[in-house]
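Coordinate inspection notes
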Amino acid sequence: MIKPDSFTVKRPLIAIILIELMLMIFVAGGSAYVSIAELTHPLAPFLGFIPIALFLLVYLSVKKRWSTFYFSSLSKLTKRQWLEYLPLLLVLIVLVIGNKGFQLESFSFFAYLLLSQIFLVGFVEETLFRGMILRILMPKGKAFAIVVSSALFGVTHALQALSGQSLEDTILQIVYAFILGFVLTMLVVRNRAILLTILFHGLHNFLNFTGNTPSTHLYDYLVLAILLAQLLWLLSSSKKSSAASDGIYA
């Protein structure tokens, strides 16, 4: 296994706070601007992600940190590693069924929304949570980094409560985001393939935004069940791998 590049941050707590503030300020600011300007373009709701995405592209390229934050070639994945992503495909299928297909919109609407979810929202959130925050926390221990970065991902989605949704929906969204974040983080740590989590994240959001009708909580709980089963599988597999490694080097 190729070890990630050495990466340490002197003040990890401050770094994480700054990352969270940057995300909240730009996203909230973008939403406020869209509301004031009354923009209706499909990309409008995600304008706040553009400056963050540009910053990340420049930073990763100039500092040559792509591999540090798990941007590795997918050709290196084994068949067994690819199998670990199959439950995510099942999640996407459930979303399509739960949303009863797609809205009747133009091709450009779907194109803009798909591109924005993969190259803006998916790229930004995965790079920040499954890349930077995860690596910042790694010196504290792998388990600690996985749990805390996933928890931050879940809590950040509590901002949706500001839009006026119910307490039940907000709690469900936080739990959903935490479990989903946990699964994606485990996959990134195990396989160093953040490109696949970016793709899944983008498709997941795209299907939710383009659904013909909002899915009921029944489908949300079904997705949670799939994710929990996958999480247990990944945790069990990780324990077996650790035990095998301990046996080899004992």
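Residues numbered from 1 in each chain as written. Predicted model: local features only at pLDDT ≥ 70, side-chain atom pairs only at ≥ 80, totals over all residues. Heavy atoms only, no water.

Some points on the overall build of the protein
- Counting secondary structure elements, the protein contains nine helices and zero strands.
- Of the regular secondary structure in the protein, the N- to C-terminal order runs α-α-α-α-α-α-α-α-α.
- What you see for the protein is a C-alpha radius of gyration of 18 Å, in line with the 18 Å of a compact globule of 250 residues.
- Each of the three principal axes of the protein carries a C-alpha extent, and together these read 65 × 40 × 35 Å.
- Taking all 250 residues of the protein together, the buried fraction comes to 43%.
- Summarising the internal contacts of the protein: among those between residues at least 6 apart in sequence, 84% fall at separations of at least 24. (Helix = DSSP H or I, 4+ residues; strand = E, 2+ residues; numbered from the N terminus. Rg over C-alpha atoms; globule rule 2.2 N^0.38 Å. Buried < 20%, exposed > 50% of the residue type's maximum accessible area, 1.4 Å probe, protein only. Contact = heavy atoms within 4.5 Å.)

A short note on the pattern of salt bridges
- A full pass over the atoms with the stated rule returns two salt bridges.
- Ionic pairing is found between Glu84 and Arg190, a salt bridge with its closest N-O pair at 2.5 Å. Taken together, the residues Glu84 in the loop between helix 3 (79–83) and helix 4 (86–98) and Arg190 in helix 7 (residues 167–191) connect sequence positions 106 residues apart. As far as the burial class goes, Glu84 and Arg190 line up, both buried.
- Of the charged contacts, one joins Glu126 and Arg130 as a salt bridge, the two residues approaching to 2.6 Å between their closest N and O atoms. (Salt bridge = Lys/Arg side-chain N within 4 Å of Asp/Glu carboxyl O.)

Things to note about the nonpolar core
- Leu88, Phe123, Val124, Leu128 and Leu227 are the most contacted members of the largest nonpolar core, which totals 65 residues.
- For this core, the leading source of residues is helix 5 (residues 107–137), giving 15 residues.
- Sequence-distant contacts of Leu128, defined by excluding residues within four places in its chain, comprise Ile19, Met22, Leu23, Ile52, Leu56 and Ile133. (Core = buried A, V, L, I, M, F, W, Y, C linked by side-chain atoms within 4.5 Å.)

So, helix 6 (residues 142–156)
- Taking 1.5 Å of rise per residue, 15 residues should cover 21 Å, and helix 6 covers 21 Å from first to last C-alpha, within 8% of that figure.
- Those residues of helix 6 not exposed but buried are Ala145, Ile146, Ser149, Ser150, Phe153, Gly154 and Thr156.
- Tucked into the core, helix 6 has its buried residues touching helix 1 (12–37), helix 5, helix 7 and helix 8 (194–210). (Expected span 1.5 Å × (residues − 1).)

A look at the packing of helix 4 against helix 8
- The contact between helix 4 and helix 8 brings their axes to 9 Å, and the two run at 10 degrees. Comparing their axes, helix 8 and helix 4 come out roughly parallel. Two secondary-structure elements touch here, helix 4 through Leu88, Val91, Leu92, Leu95 and Val96 and helix 8 through Phe200, Leu203, His204, Leu207 and Asn208. (Axes fitted to C-alpha atoms, helices over the stretch in contact; angles between N-to-C directions. Parallel < 35°, antiparallel > 145°, perpendicular 65-115°, else oblique.)

Side note on the side chain of Thr127
- Mapping Thr127 onto the fold places it in helix 5.
- The class for Thr127 is buried, based on a relative accessible area of 0%.
- Dropping the residues within four chain positions of it, Thr127 is found in contact with Leu56, Leu60, Phe71, Met132, Ile194 and Ile198.

Focus: the packing of aromatic side chains
- Here the structure, examined in full by the defined rule, presents 12 aromatic pairs.
- Aromatic side chains Phe55 and Tyr59 sit 6.2 Å apart centroid to centroid with 15 degrees between the ring planes, which places their arrangement in the stacked category. Residue Phe55 and its partner Tyr59 are located together in helix 2 (residues 49–62), separated by four residues, close to a single helical turn.
- Given the relative accessible area of 43%, Phe55 is considered partly exposed. (Phe/Tyr/Trp six-rings, centres within 6.5 Å; stacked < 30°, edge-to-face > 60°.)

Thoughts on the confidence of the model for the protein
- Summary statistics for the protein give a mean pLDDT of 89 and a share of 91% for residues scoring 70 or more.
- No element of the protein has a lower mean pLDDT than helix 9 (residues 217–249), at 81, and none a higher one than helix 2, at 97.
- In this model residues 246–250 is a low-confidence stretch, pLDDT under 50, and it forms zero contacts with partners more than four residues away in sequence or in other chains. (pLDDT = per-residue confidence, 0-100.)

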